[in-house]
Amino acid sequence: FLTSCLHVLGNSYRMYIYWKNIDWKLTAKFGLVSILMSGIGAQISDSIPKSYLSLILGIFLISISILFWKEKRSDVFQSKWSSYIAGGLSGFLTGALGSGGAVRSLALSSFKLTPFSFTATSTVIDLGGDLLRLNVYLSKGYADQEHLFYLPIFIIVVFISNWWAKKILAKIEREKFRKIILTFVFLSGLKSLLS
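Quantities reported herein were computed from a predicted structural model and do not represent experimental measurements. (Residues numbered from 1 in each chain as written. Predicted model: local features only at pLDDT ≥ 70, side-chain atom pairs only at ≥ 80, totals over all residues. Heavy atoms only, no water.)

### Side note on the overall build of the chain
Right, so step 1: Assigned secondary structure in the chain consists of 8 helices and 0 strands.
Right, so step 2: Along the chain, helices and strands appear, N-terminal first, in the series α-α-α-α-α-α-α-α.
Right, so step 3: Overall size of the chain, expressed as C-alpha extent along the three principal axes, is 50 × 35 × 30 Å.
Right, so step 4: Here the chain holds 195 residues, and 46% of them are scored as buried.
Right, so step 5: Long-range contacts, defined here as pairs at least 24 residues apart, represent 89% of the contacts in the chain between residues at least 6 apart.
Right, so step 6: Taken as two groups, the 21 positive and 10 negative side-chain charges of the chain have centres that lie 8 Å from each other. (Helix = DSSP H or I, 4+ residues; strand = E, 2+ residues; numbered from the N terminus. Buried < 20%, exposed > 50% of the residue type's maximum accessible area, 1.4 Å probe, protein only. Contact = heavy atoms within 4.5 Å. Lys, Arg positive; Asp, Glu negative; His and termini not counted. Charge placed at Lys NZ, Arg CZ, Asp CG, Glu CD.)

Structure follows, in structure tokens:
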């Protein structure tokens, strides 16, 4: 519940500051199935073995990020059906585990997006799924009164971190940005594997 709150706040603000950079065609192609599967993942989040999912996810992310790092340009997610599969997997993991962003980042990194366009497009896709799963978590009673204490802190963190990130993104070249994404996808896979 807290993760989804932070994501909704962060993505809402990012959508506002990167609005002009959103790739709407890619958002529709990748995002609709991602949002739908996020709701399904959230709905069954309390009845699936998370340890096995984390293990599989970790191996997948590490393997694919290494493969993408070696290839100058990988178009594996650009075919019609693979982008839908990647979007669905990303959404499902977001709902089920609370984080599917690494899969989404991996898939979007295969498209020729500028750092601003990548961030904007990923944000719109993520926001739809986060709003849906937040609603599911609320209906399941995951929120407690004590959680409300964190919301003002989240708002401060969201504004400061996004202000800082936008300044950094403006200075990063496209290919360097792609390698930064792959590095963090690899680390995310390693964390998932170790957990």
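Structure shown, so let's carry the discussion forward.
### Describing the side chain of serine 117
Right, so step 1: Here serine 117 lies in helix H6 (residues 115-139).
Right, so step 2: Using a relative accessible area of 12% as the deciding quantity, one classes serine 117 as buried.

### A few points about the pattern of salt bridges
Right, so step 1: A full pass over the atoms with the stated rule returns 3 salt bridges.
Right, so step 2: The salt bridge partner of aspartate 130 is arginine 133, with a shortest N-O separation of 2.8 Å. Of this pair, aspartate 130 and arginine 133 both sit in helix H6, separated by 3 residues, roughly a single helical turn.
Right, so step 3: Judged by its relative accessible area of 0%, aspartate 130 falls in the buried class.
Right, so step 4: With a relative accessible area of 1%, arginine 133 lands in the buried category.
Right, so step 5: Arginine 178 is paired through a salt bridge with glutamate 175; the nearest N and O atoms lie 2.9 Å apart. Of this pair, arginine 178 and glutamate 175 both sit in helix H8 (residues 174-194), 3 residues apart, which is roughly one turn of that helix.
Right, so step 6: Since its relative accessible area comes to 10%, arginine 178 is described here as buried.
Right, so step 7: Take glutamate 175: its relative accessible area is 34%, and that puts it in the partly exposed class. (Salt bridge = Lys/Arg side-chain N within 4 Å of Asp/Glu carboxyl O.)

### Some thoughts on the packing of aromatic side chains
Right, so step 1: Within the structure shown, the criterion is met by 8 aromatic pairs.
Right, so step 2: Aromatic side chains tryptophan 19 and tryptophan 24 sit 5.4 Å apart centroid to centroid with 65° between the ring planes, which places their arrangement in the edge-to-face category.
Right, so step 3: Classification of tryptophan 19 by relative accessible area gives partly exposed; the value is 46%.
Right, so step 4: According to the relative accessible area criterion, tryptophan 24 is partly exposed, its value standing at 43%.
Right, so step 5: Ring geometry for tyrosine 137 versus tyrosine 142: centroids 5.4 Å apart, planes at 25°, classification stacked.
Right, so step 6: A relative accessible area of 29% means that tyrosine 142 is categorised as partly exposed.
Right, so step 7: Counting every residue linked through ring pairs, the aromatic cluster contains Tyr13, Tyr16 and Phe159.
Right, so step 8: Across from the ring centre of tyrosine 18, 5.8 Å away, lies the NZ or CZ of lysine 166, which sits over that ring. (Phe/Tyr/Trp six-rings, centres within 6.5 Å; stacked < 30°, edge-to-face > 60°. Lys NZ or Arg CZ within 6 Å of the ring centre and 35° of its normal.)

### Some remarks on the nonpolar core
Right, so step 1: Ranked by size, the top nonpolar core spans 31 residues in total, and within it Leu61, Leu106, Phe118 and Phe177 carry the most contacts.
Right, so step 2: Counting only elements with at least two residues in this core, the list comes to helix H1 (2-17), helix H3 (50-70), helix H5 (101-108), H6, helix H7 (150-169) and H8.
Right, so step 3: Per-element tally for this core: the top contributor is H6, with 5 residues. (Core = buried A, V, L, I, M, F, W, Y, C linked by side-chain atoms within 4.5 Å.)

### Quick notes on the side chain of serine 34
Right, so step 1: On the secondary structure map, serine 34 appears in helix H2 (residues 24-43).
Right, so step 2: Here glycine 87 takes part through its backbone oxygen, which lies 3.3 Å from a polar atom of the side chain of serine 34.
Right, so step 3: Setting aside its immediate chain neighbours within four residues, serine 34 contacts Gly87, Gly88, Ser90, Gly91 and Ile125. (Polar contact = N/O pair within 3.5 Å; in protein donor to acceptor, adjacent residues only side chain to side chain.)

### Quick look at the layout of surface pockets
Right, so step 1: Considered as a void within the structure, the largest pocket measures approximately 1,400 Å³ in volume.
Right, so step 2: When contributions to the lining of the largest pocket are tallied by element, the ones reaching two or more residues are H1, H3, helix H4 (80-97), H5, H6, H7 and H8.
Right, so step 3: A breakdown of the residues in the lining of the largest pocket according to their chemical character gives 20 nonpolar, 18 polar and 4 charged. (1 Å grid on protein atoms, 1.4 Å probe; cavity = no way out; pocket = protein on both sides within 12 Å on 5 of 7 lines; lining within 4 Å. Points joined across faces, edges and corners; volume = space filled by probe spheres on them. Nonpolar A, V, L, I, M, F, W, Y, C, P; charged D, E, K, R; others polar.)

Worth remembering: the numbers are spatial, not functional.
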